[in-house]
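Spelled out, the chains give:
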Amino acid sequence: MNFSYRDINNNDFKEIIALNTKFESYLSPLDDTELIFLIKESKFAKSIRVKKNLIGFLITIPPNSLYNSINYNWFNKKYNSFVYIDRICISDEFQRHGLGQFFYDEVKSNFKKMTKRMVCEVTIFPGNKISESFHMKYGFKEVGKLKSKSSLKVVSLKSYEF
């Protein structure tokens, strides 16, 4: 598959927010203000396009950021060194085509001199079987669980050492 891969920029925001909205039950809500903040805090935020259409994105956050997410804060208290995958999102029609692995391989390649741990959460209620399967196959291990205080959402906290 031919695709282009680059840093996220302001021109991507409308498409990123639209794609995030489609998967909001597994991710978190996202608006312009939050996206600007995440990109500012991120050391690695990338998008993938096919024929000029945004089909996926990934945003990471380093330790000790100003980001105030319950999941991120859990990892920040547990580990000194890590790269947090705040969100990875790929359009339905492009899932299971190796793009998630491509994104994570790029994270490992870019952070291998700074850390040996990639962390994330996967929504397990409501279930996200595609994401759960992908993370298990990639080698992530569950290191905890958290339940949202504001909803019924439950996440599996995962860590991958490389």
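Look up: the structure comes first, before these words.
An account of the accompanying structure is given in this report.

To continue, consider the sheet that holds strand β3 (residues 53–61). Judged by pairing direction, the sheet is mixed, and its 7 strands sit side by side in the order β1-β2-β3-β4-β5-β7-β6 without closing on themselves. Unpaired on one side and paired on the other, β1 (4–7) and β6 (141–147) mark the two borders of the sheet. The mean angle between the axes of side-by-side strands here comes to 25°, regardless of whether they run parallel or antiparallel. Of the pairings in the sheet, the one linking strand β5 (residues 117–125) to strand β7 (residues 154–161) comprises 8 bridges and is antiparallel in character. When the sheet's bridge partners are listed, T123 is paired in β7 with V155. The sheet contacts of helix α3 (residues 70–78) involve β3, β4 (83–90), β5, β6 and β7, and relative to β6 the element is tilted by about 130°. Packing of helix α4 (residues 99–111) onto the sheet brings it into contact with β1, β2 (44–50), β3, β4, β5 and β7, and relative to β4 it is tilted by some 155°.

Our next topic: the nonpolar core. When a protein is soluble and globular, its nonpolar side chains tend to lie buried together. The biggest cluster of nonpolar side chains holds 26 residues, and the ones touching the most others in it are F57, I59 and Y84. Counting only elements with at least two residues in this core, the list comes to α1 (13–22), α2 (32–41), β3, α3, β4 and β7. Apart from the residues lying within four places of it in its own chain, the contact partners of I59 are I8, L35, L38, I39, S42, F44, A45, Y84, I85, D86 and R87. I55, I90, Y104 and Y160 belong to the second largest nonpolar core, which has 19 residues in total.

Using the criterion set out here, one finds 7 salt bridges in the structure. Note that R49 and D12 form a salt bridge whose closest N and O atoms lie 2.8 Å from each other. Of this pair, R49 sits in strand β2 while D12 is found in the loop between β1 and α1, placing the two residues 37 residues apart along the sequence. The exposure class assigned to R49 is buried, which follows from its relative accessible area of 10%. Here E15 makes a salt bridge to R49, at a shortest N to O gap of 2.6 Å. Taken together, the positions of E15 in helix α1 and R49 in strand β2 put the pair 34 residues apart, joining distant regions of the chain. Taking the relative accessible area as the measure of exposure, E15 reaches 30% and is therefore partly exposed.

Relative orientation of the contacting elements α1 and α2 amounts to 105°, with a least axis distance of 11 Å. Classified by the angle their axes make, α1 and α2 are roughly perpendicular. Across the interface between the two elements, F13, I16 and I17 from α1 touch D32, L35, I36 and I39 from α2. Each residue belonging to the contact of α1 with α2 can be placed in one class, and the counts come to 6 nonpolar, no polar and 1 charged.

Before going further, it helps to spend a moment on the pairing of β2. The buried count for β2 comes to 7 of 7 residues, which makes it a mostly enclosed element. Neither face of β2 is left uncovered, since the one carrying F44, K46, I48 and V50 and the one carrying A45, S47 and R49 both have all their residues buried. Both β1 and β2 contribute to a ladder of 4 bridges, which runs antiparallel. Residue pairing across strands places S4 opposite R49, the latter belonging to β2. By the bridge criterion, 7 bridges tie β2 to β3 in an arrangement that is antiparallel. Counted as the bridge partner of F44 is T60 from β3. Taking the residues that link successive antiparallel strands as the turn, the β2-β3 hairpin has 2 residues, and the phi of K51 there is positive, at about 50°.

Reading the values: the criteria
- Each chain has its residues counted from 1, running along the sequence as written.
- Local features in this predicted model are restricted to residues whose pLDDT is 70 or higher, and side-chain atom pairs enter the listing and the counts only when it is 80 or higher, whereas totals over whole chains, interfaces and linings include all residues.
- Computation of side-chain values: all heavy atoms of the structure, hydrogens and water removed.
- Between any two strands, pairing holds if DSSP finds at least two bridges.
- Numbered from the N terminus, helices here are DSSP runs of H or I no shorter than four residues, and strands are runs of E no shorter than two.
- Here the axes come from fitting lines to C-alpha atoms, over the contacting stretch only for helices, and the angles between their N-to-C directions go from 0 to 180 degrees.
- In this description, contact between two residues means that some pair of their heavy atoms is separated by no more than 4.5 Å.
- What makes a nonpolar core is a set of buried Ala, Val, Leu, Ile, Met, Phe, Trp, Tyr and Cys residues whose side-chain atoms join them at distances within 4.5 Å.
- Summary of the burial criterion: residues with accessible area below 20% of their type's maximum are buried, those above 50% are exposed, and those between are partly exposed, where the area comes from a 1.4 Å probe applied to protein chains only.
- When a carboxyl oxygen of Asp or Glu lies within 4 Å of a side-chain nitrogen of Lys or Arg, that pair is called a salt bridge.
- When describing relative orientation, an angle under 35 degrees is termed roughly parallel and one over 145 degrees roughly antiparallel, while 65 to 115 degrees is termed roughly perpendicular and anything else oblique.
- Note on residue classes: Ala, Val, Leu, Ile, Met, Phe, Trp, Tyr, Cys and Pro are nonpolar, Asp, Glu, Lys and Arg are charged, and everything else, Gly too, is polar.

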